[in-house]
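The chain contents come next:
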Amino acid sequence: MAMHGHLTPPKPGEELTVTFVDKEGEEHEFQVAQGDNLLDIAQSEELEMEGACGGSCACSTCHVIVESDDMYDKMDEPDDDENDMLDLAFGLTETSRLGCQVKMNKALNGLRVRLPSMTRNLQASDFSGAKKS
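Our subject in this report is the structure included herewith. (Residues numbered from 1 in each chain as written. Predicted model: local features only at pLDDT ≥ 70, side-chain atom pairs only at ≥ 80, totals over all residues. Heavy atoms only, no water.)

**Points about the packing of aromatic side chains**
Turning to step 1, where the next piece is worked out: Applying the stated criterion across every chain, the model contains one aromatic pair.
Turning to step 2, where the next piece is worked out: Here the aromatic rings of Phe-20 and Phe-30 are separated by 6.0 Å at their centres, their planes lie at 55°, and the arrangement is tilted. Of the two residues, Phe-20 is situated in strand S1 (residues 16–21) and Phe-30 in strand S2 (residues 27–32); the sequence distance between them amounts to ten residues. (Phe/Tyr/Trp six-rings, centres within 6.5 Å; stacked < 30°, edge-to-face > 60°. Helix = DSSP H or I, 4+ residues; strand = E, 2+ residues; numbered from the N terminus.)

**Here's the deal with unusual backbone geometry**
Turning to step 1, where the next piece is worked out: Phi is positive for Glu-46, close to 60°, though the residue is something other than glycine.
Turning to step 2, where the next piece is worked out: Unlike most non-glycine residues, Cys-57 shows phi in positive territory, near 60°.
Turning to step 3, where the next piece is worked out: Take Cys-57: it is sitting in the loop between helix H1 (38–44) and strand S3 (63–66).
Turning to step 4, where the next piece is worked out: The exposure class assigned to Cys-57 is buried, which follows from its relative accessible area of 12%. (Buried < 20%, exposed > 50% of the residue type's maximum accessible area, 1.4 Å probe, protein only.)

**Considering the layout of surface pockets**
Turning to step 1, where the next piece is worked out: Of the pockets and cavities examined, the largest pocket occupies roughly 220 Å³.
Turning to step 2, where the next piece is worked out: Around the largest pocket sit Lys-74, Met-75, Asp-76, Glu-77, Asp-79, Glu-82, Arg-97, Gln-101, Val-102, Lys-103, Asn-105 and Leu-108, which together line it.
Turning to step 3, where the next piece is worked out: Here the lining of the largest pocket is composed, by residue class, of three nonpolar, two polar and seven charged.
Turning to step 4, where the next piece is worked out: Considered as a void within the structure, the second largest pocket measures approximately 160 Å³ in volume. (1 Å grid on protein atoms, 1.4 Å probe; cavity = no way out; pocket = protein on both sides within 12 Å on 5 of 7 lines; lining within 4 Å. Points joined across faces, edges and corners; volume = space filled by probe spheres on them. Nonpolar A, V, L, I, M, F, W, Y, C, P; charged D, E, K, R; others polar.)

**Description of the pairing of strand S5 (residues 111–114)**
Turning to step 1, where the next piece is worked out: Burial of the side chains of S5 is restricted to one face: Leu-111 and Val-113 are buried, whereas none of Arg-112 and Arg-114 on the reverse face is.
Turning to step 2, where the next piece is worked out: Pairing analysis gives four bridges linking S1 to S5, with the strands arranged parallel. Paired with Val-18 across the two strands is Leu-111, which belongs to S5.
Turning to step 3, where the next piece is worked out: With two bridges joining them, S3 and S5 adopt antiparallel strand pairing. (Pairing = 2+ DSSP bridges.)

**Here's the deal with the side chain of His-63**
Turning to step 1, where the next piece is worked out: In this structure, His-63 sits in strand S3.
Turning to step 2, where the next piece is worked out: Separated by 3.2 Å, the side chain of His-63 and the backbone oxygen of Phe-90 make a polar contact.
Turning to step 3, where the next piece is worked out: Polar side-chain contacts of His-63 include one of 2.7 Å to the side chain of Ser-96.
Turning to step 4, where the next piece is worked out: When neighbours within four sequence positions are excluded, His-63 is seen to be in contact with Leu-86, Ala-89, Phe-90, Gly-91, Leu-92, Ser-96, Arg-97, Leu-98 and Pro-116. (Polar contact = N/O pair within 3.5 Å; in protein donor to acceptor, adjacent residues only side chain to side chain. Contact = heavy atoms within 4.5 Å.)

Right, dumping it as structure tokens:
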């Protein structure tokens, strides 16, 4: 299994802050670099986020819930592939995103995301109709 989690530390003065609220309600705040995605951040910090497809937007196991509508509105719109996978996510909300698709930038400094109480490991290949060998 490919391990993410080898993030380059942010340069002094360029740190961005992101807070993950885990399934138990505990907050985990991290200083991260611009361009880091939420899946890689969570895995590098050993938070409970699976990322079964390795961050290729082909499952919904890195589902996060953005706590602020304002912050959600600062993100790029989810593309069709992400929306298709979000449709499979457990506990989908109006501010749900896939962690692998959210890259940190200055506009997202201070982002807070909640990890859902559980995830579903349904992948795009489960629905492709292709025969599995």
